[in-house]
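# Descriptive analysis of the structure
Given next are the chains, with one letter for each unit.
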Amino acid sequence: MDITVYSASWCRDCREAKKFLDKHNLPYTEIDIETTPGAAYAVESNVGKRAIPQFVIDGKWVQPYKPGRGFLYAEMSKLFGVTHP
């Protein structure tokens with residue numbers, strides 16, 4: 001499984017998303033939209049807005065959080081086939 005995470009250092013939900021991946025030993029490539037040329041445009045082009053974090057899993061864009069709800073632990077656990085308490 002190839003996982004890319006679009007994030008930014010100031011983003012609390014991004015830190016939570018990466019913590020989830022790390023906890024479950026899911027390797028990923030991180031792309032910081034603030035420091036990687038064209039990264040913010042890639043997010044906006046694929047999602048329709050500059051909303052981070054974003055996962056790209058084997059080429060498919062997935063938003064792992066909902067505004068006001070935070071990181072979607074149950075949904076992401078099911079997607080990755082891992083357990084979440």
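Above this text sits the structure in question.
Analysis parameters
- Residues numbered from 1 in each chain as written.
- Predicted model: local features only at pLDDT ≥ 70, side-chain atom pairs only at ≥ 80, totals over all residues.
- Heavy atoms only, no water.
- Helix = DSSP H or I, 4+ residues; strand = E, 2+ residues; numbered from the N terminus.
- Contact = heavy atoms within 4.5 Å.
- Buried < 20%, exposed > 50% of the residue type's maximum accessible area, 1.4 Å probe, protein only.
- Arc of directions from axis to C-beta.
- Pairing = 2+ DSSP bridges.
- Axes fitted to C-alpha atoms, helices over the stretch in contact; angles between N-to-C directions.

Its location among the elements puts V82 in the segment after α3 (73-80). A sequence separation of 58 residues divides V82 from H24, and the C-alpha atoms of the two residues are 7.1 Å apart. Apart from residues lying up to four places away in sequence, V82 is in contact with F20, H24 and S77.

A few words on helix α2 (residues 39-47). All of the buried residues along α2 are A39, A40, A42 and V43. Buried residues in α2, looked at end-on, bunch into an arc of 160 degrees, giving them a common side. Each element contacted by the buried residues of α2 is listed here: β1 (3-7), β2 (29-32), β3 (54-57) and β4 (60-62). One or two steps after α2, the chain reaches G48, where phi turns positive at roughly 95 degrees.

Another aspect to go through is the sheet that holds β4. Within the open sheet, the 4 strands sit side by side as β2-β1-β3-β4. Their pairing is mixed. Strands at the two margins of the open sheet, each flanked by one partner only, are β2 and β4. Direction aside, the axes of adjacent strands within the sheet are offset by 25 degrees on average. The pairing of β1 with β3 spans 4 bridges and is antiparallel. Across the sheet, Y6 pairs through a bridge with Q54, a residue of β3. This element, α2, spans β1, β2, β3 and β4 of the sheet and lies at about 90 degrees to β4. Each of β1, β3 and β4 touches α3; the most contacted strand, β3, lies at about 15 degrees to it.

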